[in-house]
Amino acid sequence: MADDDSGALQAGQTGLIVRIPEADPAVRAWRERLDPSARVGVPAHVTVLFPFLDERRIDRETHTALGEVIGRQRPFEARFERCGGFPGILYLAPEPEAPFRRLTEAIADRWPESPPFGGQFDDVVPHLTVAQGQDAGVLGEVETDLRSRLPVTASVSAVDLMVYDGVRWQPRASFPLRGRPAPQP
């Protein structure tokens, strides 16, 4: 979720993610060593929206609204067959990325007070972080290993609400994607 040290997080912060358990065999060992979020309970995932509302603001009405917004989206399959990067970060890139972008946009449109990554970036790139805060040599080693473990295909059918309790990220709720495929002519 957060691409920074978990020490900067505050208890009660929340985020919305798509879990990608199918990626665990390829990324688990690297994430445990090189991704601080893995060490505080965040599973292999693609972030949909972080930070979201403070936990104290998430009531029954918010749960219902999240269920409605997320429920309008269709389940989909994503394939992770290549790596990408930001400075000091190596990630797996999902294809297609459009369904992840639609989820982020739908939630950010409904809760404009919670822009993705606090509004830091003009373009939010869907990704599954594997390593961060590393030099190019380490990232190259990780990428070489990952290439032999790809592709990974994942079925995306829900978005999970995660809450930071001050020590670890905890799952709080899961919201299914229920949208129906477009009718065929």
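The numbers attached to residues start from 1 for each chain and follow its sequence in the written order. Side-chain atom pairs in this predicted model are given and counted only at pLDDT of 80 or more, local residue features only at pLDDT of at least 70, and totals for whole chains, interfaces and linings cover all residues. For the side-chain quantities, the full set of heavy atoms in the structure was used; hydrogens and water were omitted.

How do you make sense of the confidence of the model for the protein chain when you look at a structure like this?
Atomic detail in the predicted coordinates should be set aside for any region of low pLDDT. Per-residue pLDDT for the protein chain averages 92, and the proportion of residues at 70 or more is 94%. The pLDDT score gives, residue by residue, the confidence of the prediction method on a 0 to 100 scale. Only heavy atoms enter the contact rule, under which two residues are in contact if any of them lie within 4.5 Å. With pLDDT under 50 throughout, residues 3–7 is counted as low confidence; its partners more than four residues away or in other chains account for seven contacts.

Would you explain the pattern of salt bridges in this entry?
Should the charged atoms of two oppositely charged side chains come close, the side chains can pair. Throughout this description, the term salt bridge denotes a Lys or Arg side-chain nitrogen within 4 Å of a carboxyl oxygen of Asp or Glu. Following the criterion strictly, the structure yields 12 salt bridges and no others. When the shortest N-O distance is used, the salt bridge between R56 and D54 registers 2.9 Å. The shortest N-O distance in the salt bridge between R79 and E81 comes to 2.5 Å. R79 sits in the partly exposed class, given a relative accessible area of 36%. Overlapping salt bridges, with partners in common, bring together E97, R101 and D123 in one network. Only protein chains enter the accessibility calculation, which uses a 1.4 Å probe. A residue is then buried if its area is under 20% of the maximum for its type, exposed if over 50%, and partly exposed in between.

Sorry, what's going on with the side chain of T62 here?
In this description a helix means any DSSP run of H or I spanning at least four residues, a strand means any run of E spanning at least two, and both kinds are numbered starting from the N terminus. Residue placement: T62 occurs in helix α3 (residues 60–71). On the basis of relative accessible area, T62 is assigned to the buried category, the value being 9%. Setting aside anything within four residues of it in sequence, one finds T62 in contact with F52, L53, R57 and W111.

Help me out: how do you make sense of the packing of aromatic side chains in this one?
The relative placement of two aromatic rings is captured by the distance of their centres and the angle of their planes. Two rings from Phe, Tyr or Trp (for Trp, the six-membered ring) form a pair when their centres sit within 6.5 Å of each other. Planes less than 30 degrees apart are called stacked, planes more than 60 degrees apart edge-to-face, and all others tilted. Within this structure, the stated rule accounts for five aromatic pairs. Pairing F52 with W111 gives two aromatic rings, centres 5.3 Å apart and planes at 85°, and the pair type is edge-to-face. Linking F52 in the loop between β2 (45–49) and α3 with W111 in the loop between α4 (98–110) and β5 (128–132), this pair joins segments that are 59 residues apart in sequence. For F52, a relative accessible area of 6% puts it in the buried group.

Would you mind going over the sheet that holds β5 with me for this structure?
Paired through their backbone hydrogen bonds, the strands of a sheet run either parallel or antiparallel. Judged by pairing direction, the sheet is antiparallel, and its four strands sit side by side in the order β5-β4-β3-β6 without closing on themselves. Strands with a single pairing partner mark the edges of an open sheet, and in this sheet they are β5 and β6 (152–156). Going from strand to strand, the sheet's axes swing by 30° on average, the running direction of each strand aside. Axes here mean lines fitted to C-alpha atoms, for a helix over just the part in contact, with angles spanning 0 to 180 degrees between N-to-C directions. Set on the sheet, helix α1 (residues 24–34) makes contact with β4 (89–95), β5 and β6; between it and β5 the angle comes to about 45°. Along the sheet, helix α5 (residues 136–147) makes contact with β3 (76–86), β4 and β5, crossing β4 at roughly 30°. DSSP bridges decide pairing: two strands pair if at least two such bridges lie between them.

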